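The chain contents come next:
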Amino acid sequence: MTQHDRLLIIDFGSQVTQLIARRLRELNVYCEIHPFQKVTEEFLKEFNPKAVIFSGGPASVFAENAPTVPRIVFDMGVPILGICYGQQLMMHLLGGKVERGHNTAEFGRAFVTPAAEKLALLDGWFAPETNGGREQVWMSHGDHVSEIAPGFRVFGTSPNAPFAITADPERRFFAVQFHPEVHHTPKGAQLYANFVKLAGFTGDWTMGAYKEEAIRQIREQVGDGKVICGLSGGVDSSVAAVLIHEAIGDQLTCVFVDHGLMRQGEADEVVSMFRDTYNIPLIHADESDLFLGALEGVSDPEVKRKTIGKLFIDVFQKHAHDVGGAEFLAQGTLYPDVIESVSFSGGPSVTIKSHHNVGGLPEKMGLKLVEPLRELFKDEVRALGRELGLPPKFIGRHPFPGPGLAIRCPGEITREKLAILRRADAVYIDQIRRHGLYDEIWQAFVALLPVRTVGVMGDGRTYDYACALRAVTSVDGMTADYYPFSHDFLGETATRIINEVQGINRVTYDITSKPPGTIEWE
Ligand code: XMP
């Protein structure tokens, strides 16, 4: 699809494969991750990579049906970097030896000592003033290489890994036992920079170039057809909509379904941005009565989610129908949503929550998908948003879940409770912004608890709701830690909420990480 030089990452199931892609994209290199099962000879020829990286992975090269690659990959004349399992596989396939991990398993920090011979891959490594000229790396392996393949030489050793860094510089094959992509290998980014430099990448994967290319592709795909796009108020669908509007103008109509579960002022903000600032045709479907009516008496989280999800599809369909003759549906799908990760257990994963999106719609409505963000990570979407001139405040917004405030209000939802929650949330976010903490936090919100507690204000007794403040740091929402606010901040915020929000007389702070908790309360 893309015109840029491409790097192929073959995924053997490492937990950190995505980080390899991150490191490369930071270097303006275009790369794609593909699971090893998909990488056949034909695939390799068609993909035509300028360099290849073998990821790590949990398997052993001795296992039956051990993950592997077609041998042709070594005959393509392109540089290859093998990491951990990737290193072992390279050695195994090229004539070296790998041994089971009898007491040689190694997890965590290790220090690599350089060999006398220099290697371009390691330019900038082994500064004499740090760690006595050794380099810190992060190891995580059971098996180990016991004999390197013909043509390879050793360029770095660690106490438990005599072949920590090996290479055949003539063929530009490199194999490392550790993980250069993780934070705990401090010079790992430098290693990737050296690798792509020696592979001849020019670093032409910029957002400006991406935007131009995406616009061209949208025009090509859509022709003079009509496109509809569901706006949620979140960054992804907004950036997708503005990008598509730049490409095809009024052939795009956006539908914003207001389910009555948005935050304070949010619906107005979205509508005015799209209609007034961008002049994008927009249907503002105020369906709050419908949604809140259907949710009356519902307290089970999954029933809430499913009710909202189903209604959303019905409503969207109804309004999309008014656009008349749309052939395409635009979605803000991101790269982490589309990569096929490798499942070694083979079993389906457990559903923790039924996530709400417009999945299922295209088939139901006979629409083709337009997904211009499919190749991007979240922060790249933000960069594209800046390139398109979206207001910075909008681009930096915390994620907001499709079911909205319904899942921040455990138990039954009422309009009264939603009004209280909106006010408390607005005060909390205002506090976070005033203290300059908004951008450090992945997501912050108030959950209104379904309990009333006794308080004393002035000389009177109160019997009002308790609420919980939530703030987490995260990279991708999959794991998260609670944000370590100062006690002063928490105290000041609790005071403001109780003083400014009628209906709340107690404030708590949620200090659960994910796992075992989830970010949202339901
Ligand atoms: P959890 O609560 O599962 O949330 O730890 C992880 C991230 O996903 C968001 N979230 C959703 N986003 N539809 C969405 O679009 C949903 O149904 C949904 N549920 C949770 C949540 O806000 C957090 O950022």
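A. Quick look at helix 7 (residues 266-277). Taking 1.5 Å per residue, 12 residues should reach 16 Å; helix 7 reaches 16 Å between its end C-alpha atoms and fits that length. Regarding helix 7, the residues found buried are Glu266, Ala267, Val270, Val271, Met273 and Phe274. The buried residues of helix 7 occupy an angular sector of 160° when the element is viewed end-on, so they sit on one face. Turned more than 90 degrees from where helix 7 packs its buried face, Asp268, Asp276 and Thr277 sit exposed. Each element contacted by the buried residues of helix 7 is listed here: strand 12 (226-231), helix 6 (235-248), strand 13 (252-258), strand 14 (282-286) and helix 13 (392-395). In the segment just after helix 7, Asn279 is the residue with positive phi, at about 60°.

B. Quick look at the sheet that holds strand 13. One open sheet holds the 5 strands; their spatial order is 14-13-12-15-16, and the pairing between them is parallel. Every interior strand has two partners, whereas the edge strands, strand 14 and strand 16 (368-370), have only one. When the angles between neighbouring strand axes are averaged without regard to direction, this sheet yields 30°. Pairing analysis gives 3 bridges linking strand 15 (residues 326-330) to strand 16, with the strands arranged parallel. Within the sheet, the bridge partner assigned to Leu329 lies in strand 16 and is Leu369. Packing against the sheet, helix 5 (residues 207-222) makes contact with strand 12, strand 15 and strand 16, and its axis sits at approximately 165° to strand 16. Docked against the sheet, helix 6 engages strand 12, strand 13, strand 15 and strand 16, running at close to 160° with respect to strand 12.

C. Helix 4 (residues 188-199), seen in detail. Between the first and last C-alpha of helix 4 there are 17 Å, a value that for 12 residues agrees with the 16 Å anticipated at 1.5 Å per step. In this fold, the buried residues of helix 4 make contact with strand 1 (6-11), helix 1 (17-26), strand 3 (51-54), strand 4 (80-83) and strand 11 (173-176). Immediately downstream of helix 4, the backbone of Gly200 shows phi near 90°, a positive value.

D. Fine view of the domain arrangement of the protein. Here the protein is described as being made up of domain 1 (6-199), domain 2 (207-395) and domain 3 (414-509). Placing a centre on the C-alpha atoms of domain 2 and another on those of domain 3 gives a separation of 29 Å. Counting from both sides, the interface comprises 9 residues of domain 2 and, opposite them, 7 residues of domain 3. Here domain 2 meets domain 3 over a buried area of about 680 Å², counting both sides, of which 51% is carbon and sulfur. Considering only the side of domain 2, the residues that lose the most area to domain 3 are Gln264, Leu292 and Lys393, jointly responsible for 53% of the buried surface there. Where domain 2 meets domain 3, there are 1 salt bridge. Between Asp289 and Arg415 there is a salt bridge whose closest N-O contact spans 2.7 Å. If you look at where domain 2 meets domain 3, you find 3 residue pairs in polar contact (both at pLDDT 80 or more). Per-element tally for the side of domain 2 that touches domain 3: the top contributor is helix 8 (residues 288-295), with 3 residues.

E. Highlighting the sheet that holds strand 6 (residues 106-114). Across the sheet, 9 strands lie side by side as 2-1-3-4-11-10-9-6-7; this open sheet has mixed pairing. Bordering the open sheet on either side are strand 2 (30-35) and strand 7 (135-141), each of which pairs with just one other strand. The sheet shows a mean angle of 25° between the axes of neighbouring strands, taken without regard to direction. As paired elements, strand 10 (residues 161-168) and strand 11 share 4 bridges and run antiparallel to each other. Looking at the pairing, Thr166 lines up with Ala175 of strand 11. This element, helix 1, spans strand 1, strand 2, strand 3 and strand 4 of the sheet and lies at about 165° to strand 2.

F. Representation of the packing of aromatic side chains. Tallied over the full model, the rule gives 18 aromatic pairs. Note on Trp205 and Tyr210: the rings are 5.3 Å apart at their centroids and 80° apart in plane angle, and the pair reads as edge-to-face. The pair formed by Trp205 and Tyr210 is uniform in burial state, with each residue classed as buried. Between the aromatic rings of Tyr482 and Tyr509, the centroid separation amounts to 6.3 Å while the plane-to-plane angle is 80°, which identifies the pairing as edge-to-face. Here Tyr482, found in strand 19 (residues 481-482), pairs with Tyr509, found in strand 20 (residues 504-509); they are 27 residues apart in sequence, far enough to count as distant. Tyr482 gets classed as partly exposed once you look at its relative accessible area, which sits at 32%.

G. Seen up close, the packing of helix 1 against helix 4. Viewed as axis vectors pointing N to C, helix 1 and helix 4 meet at an angle of 65°, and their least axial separation amounts to 10 Å. Between helix 1 and helix 4, the angle is such that the two are roughly perpendicular. Seen along the crossing, helix 1 lies across helix 4 with a hand that is right-handed. In contact with Ile20, Arg23 and Leu24 of helix 1, helix 4 contributes Ala189, Tyr192 and Val196. By residue class, the composition of the contact of helix 1 with helix 4 is 5 nonpolar, no polar and 1 charged.

Parameters and conventions
Residues numbered from 1 in each chain as written. Predicted model: local features only at pLDDT ≥ 70, side-chain atom pairs only at ≥ 80, totals over all residues. Heavy atoms only, no water. Helix = DSSP H or I, 4+ residues; strand = E, 2+ residues; numbered from the N terminus. Expected span 1.5 Å × (residues − 1). Buried < 20%, exposed > 50% of the residue type's maximum accessible area, 1.4 Å probe, protein only. Arc of directions from axis to C-beta. Contact = heavy atoms within 4.5 Å. Pairing = 2+ DSSP bridges. Axes fitted to C-alpha atoms, helices over the stretch in contact; angles between N-to-C directions. Domains from an automatic or database assignment. Buried area = accessible area lost by both parts, 1.4 Å probe. Salt bridge = Lys/Arg side-chain N within 4 Å of Asp/Glu carboxyl O. Polar contact = N/O pair within 3.5 Å; in protein donor to acceptor, adjacent residues only side chain to side chain. Phe/Tyr/Trp six-rings, centres within 6.5 Å; stacked < 30°, edge-to-face > 60°. Parallel < 35°, antiparallel > 145°, perpendicular 65-115°, else oblique. Left-handed = near helix turned anticlockwise from the far one by under 90°. Nonpolar A, V, L, I, M, F, W, Y, C, P; charged D, E, K, R; others polar.

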